[in-house]
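What the coordinates show
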Amino acid sequence: MMTLNRLAACAGALAMLGLGALSASADALDDIKAAGTINVGIFADFPPFSSASADLSIQGYDVDVANFIADKIGVEANLVSVTGQNRIPLLNDKRVDILLSVGYSDERAEVIDYAAAYAPYYIAVIGPEAMTVEGPEDLAGKTVAVNRGTLEDTSLTEVAADDTEVRRFDNYSAVIQAFISGQADLMVVGNDVGAQVLARQEALAPEQKFQLLTSPSRVALNKDEEALKAVLNEAVAEMLSSGALNASSEKWLSTPLDPANLEAE
C-alpha cells in the first residue's frame, strides 16, 4: 500500500514533470527546430512584399526575409497566408510562429512582442492630383478606402472627421480597386502598396497627400519567447551587415535600403 509520504512524493514528481513539459512546449524556438519548419504569416496580396508570381509561387521582399530567417534557424520556411483581421489571433493561437510586415502600436504591444525592424514603412493618404487634401481636416466629407483591421485602419480612424465615410475592405486589392474605380475618393495604404498604384495609374494621376504614421515593418512573435526573439534579431542584423536586405530592397522596392529608415517610430 502506498503511504501518504510516497503519494506526496509521486505527486510532486508528476508536478515537476508537468512543469517541465509546459516549459518545453512554451519554447517556440525548440518547437520550430523539432518540427523542422517555421510557420511565417505573410499577406498573400501585398506587392512588392509578397504576391503570386507567374508560376503561382509567392515572391517578394518578405519571402526573402522569411527564407533567410529559416536558413538562420536551420529549418524550412512555410508561408502562411494571413489577413489584417486574423494574423494576430493566428500568432497568439500558435498557428504561425512569426509574422512579417507588422508595424508597431501600443495596442498591439499588449498582446505580441516585436523583434528588429527590417523594412521602412509609413502610412499615407493617396488621392488624385486634382483633389486638394493637405491634412486630416481635409478628409471631411470624403470617402476613404482602407484595409479592415490593419494599422492603416486604426491610424485613419484616429484622425478622420465625423463626416468622413470610411469604407473598409478585406484586402489591399479591394482597397486599390475601390480607389481606382471611383468608389472611394482617397485610399489609405502603406508606402509599398501606394508605390505600385502611383507607378501604374497615369490617367488617374494619384499622388501622396500626407502621412498618417511612420512605423518600420518588424518581425512579430508571441510574448516571452526570448530565445526566438534573439535569433530573429541576429538574422536581421546579418541581413543588414551582409547586404542581403539592401539587395532585396533594390530588387523589390526599386530603391537602396537606408538603415536610418529602420530606426524611426
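Check the entry above for the structure.
Computed from a predicted structure; not experimentally measured. Along each chain, numbering runs from 1 in the same order as the chain's sequence is written. Whole-chain, interface and lining totals are the exception, using all residues; otherwise, since this is a predicted model, local features are given only for residues with pLDDT of at least 70 and side-chain atom pairs are given and counted only at 80 or more. With hydrogens and water excluded, all non-hydrogen atoms of the structure serve as input to the side-chain values.

Of the regular secondary structure elements, the chain holds 10 helices and 12 strands. Buried residues are those whose accessible area, probed at 1.4 Å on protein chains only, stays under 20% of the maximum for their type, while exposed residues exceed 50% and partly exposed ones sit between those limits. By residue count, 43% of the 265 residues in the chain fall in the buried class. Residue pairs at least 24 apart in sequence account for 70% of intrachain contacts in the chain once pairs closer than 6 positions are excluded. A 1.4 Å probe and the Shrake-Rupley method give the accessible areas. Residues count as covered only by the protein chains that appear here. Counting every atom, the chain has about 12,900 Å² of accessible surface; 51% of that belongs to carbon and sulfur. Here a strand is any run of E in DSSP of at least two residues, a helix any run of H or I of at least four, and the numbering for each starts at the N terminus. Note on definitions: a residue-residue contact is assigned when non-hydrogen atoms from the two residues lie within 4.5 Å.

This part covers the sheet that holds strand S10 (residues 186-190). The 5 strands lie next to each other as S9-S8-S10-S7-S11, forming an open sheet whose pairing is mixed. Since the sheet does not close on itself, it has two edges, and those belong to strand S9 (165-169) and strand S11 (206-214), each with one partner. Between one strand axis and the next, the sheet turns through 25° on average, direction left out of account. DSSP calls a pair of strands paired once it identifies at least 2 bridges connecting them. Here strand S7 (residues 122-128) runs beside S11; their pairing, made up of 7 bridges, is antiparallel. Its bridge partner being in S11, Pro 128 is matched across the sheet by Pro 206. Lines are fitted to the C-alpha atoms to define the axes, a helix being fitted only along its stretch in contact, and any angle between axes, read from their N-to-C directions, falls within 0 to 180 degrees. Of the strands in this sheet, S7, strand S8 (143-147), S9, S10 and S11 are in contact with helix H7 (residues 172-180), which crosses S10 at around 150°.

Our next topic: a negative patch on the surface. Where like charges cluster on the molecular surface, the negative patch consists of Asp 106, Glu 107, Glu 110 and Glu 158. Relative to the helices and strands, Glu 110 is located in the loop between helix H5 (106-109) and strand S6 (113-119). Patch criteria: residues need more than 30% relative accessible area and no salt bridge. Like-charged residues are merged within 9 Å; nonpolar side chains of Val, Leu, Ile, Met, Phe, Trp and Tyr are merged within 5 Å. Salt bridge criterion: a side-chain nitrogen from Lys or Arg within 4 Å of a carboxyl oxygen from Asp or Glu. Only four residue types enter the charge count: Lys and Arg as positive, Asp and Glu as negative, with His and the chain ends excluded. Positions of charges follow a simple convention, taking NZ of Lys, CZ of Arg, CG of Asp or CD of Glu.

Bringing the pairing of S6 into the picture now. With 7 of 7 residues buried, S6 is to be regarded as a mostly interior element. Relative to strand S12 (residues 217-221), S6 is paired through 4 bridges, and the arrangement is antiparallel. When the sheet's bridge partners are listed, Tyr 114 is paired in S12 with Ala 220.

Time to look at unusual backbone geometry. For residues other than glycine, phi is negative in most cases, and the peptide bonds are mostly trans. The residue after Pro 47, namely Pro 48, is reached through a cis peptide bond having omega 5°. Position of Pro 48 among the secondary structure elements: in the loop between strand S1 (37-43) and strand S2 (51-52). Of note in this structure, Leu 56 is not a glycine but carries a positive phi near 75°. Take Leu 56: it is sitting in the loop between S2 and strand S3 (58-59). Positive phi outside glycine occurs at Asp 224, with the angle close to 65°. The exposed category is assigned to Asp 224, whose relative accessible area is 70%.

The next subject is empty space enclosed by the protein. Computed over the protein atoms alone on a 1 Å grid, cavities are sets of points where a 1.4 Å probe fits but cannot get out and pockets are open sets with protein on both sides within 12 Å along at least five of seven lines; a residue lines them when it has an atom within 4 Å of a point. Grid points are joined across faces, edges and corners, and a volume is the space filled by probe spheres set on the points. Tallying each qualifying case throughout the model produces 1 cavity of 30 Å³ or more. A volume near 80 Å³ is recorded for the largest cavity. Considering the residues around the largest cavity, the lining is formed by Phe 43, Phe 46, Arg 87, Ser 101, Gly 103, Arg 108, Tyr 121, Thr 150, Leu 151, Glu 152, Tyr 172 and Ser 217. Of the residues in the lining of the largest cavity, the class split is 5 nonpolar, 4 polar and 3 charged. When residues are sorted by character, Ala, Val, Leu, Ile, Met, Phe, Trp, Tyr, Cys and Pro go into the nonpolar class, Asp, Glu, Lys and Arg into the charged class, and all the rest, Gly among them, into the polar class.

What follows is about the sheet that holds strand S5 (residues 98-102). Within a sheet, adjacent strands bond to each other through the backbone by hydrogen bonds, running parallel or antiparallel. In spatial order, the strands read S4-S1-S5-S12-S6; together these 5 strands make up an open sheet with mixed pairing. Each edge of the sheet is formed by a strand with only one pairing partner; in this case those strands are strand S4 (76-82) and S6. The mean angle between the axes of side-by-side strands here comes to 30°, regardless of whether they run parallel or antiparallel. Where S1 meets S5, 2 bridges bridge the pair, whose relative direction is parallel.

Estimated volume of the largest pocket: approximately 360 Å³. Taken together, 20 residues line the largest pocket, and the ones lying closest to its centre are Ser 105, Glu 107, Arg 108, Leu 151 and Thr 154. Residue assignment for the lining of the largest pocket shows that the elements contributing at least two residues are helix H4 (87-92), H5, helix H6 (151-159) and S11. Looking at the lining of the largest pocket element by element, the count peaks at 4 residues for H6. Taken together, the residues of the lining of the largest pocket break down into 6 nonpolar, 9 polar and 5 charged.

Attention now goes to the pattern of salt bridges. Applying the stated criterion to the full structure yields 7 salt bridges. Put simply, Glu 238 and Lys 72 hold a salt bridge, and the shortest N to O gap is 2.5 Å. Of this pair, Glu 238 sits in helix H9 (residues 226-242) while Lys 72 sits in helix H3 (residues 61-73), and the two are 166 residues apart along the sequence. For Glu 238, a relative accessible area of 34% puts it in the partly exposed group. The partner of Arg 167 in a salt bridge is Glu 165, with the nearest N and O atoms 3.0 Å apart. With a relative accessible area of 38%, Glu 165 lands in the partly exposed category. One salt-bridge network, held together by shared partners, links Lys 72, Glu 234 and Glu 238.

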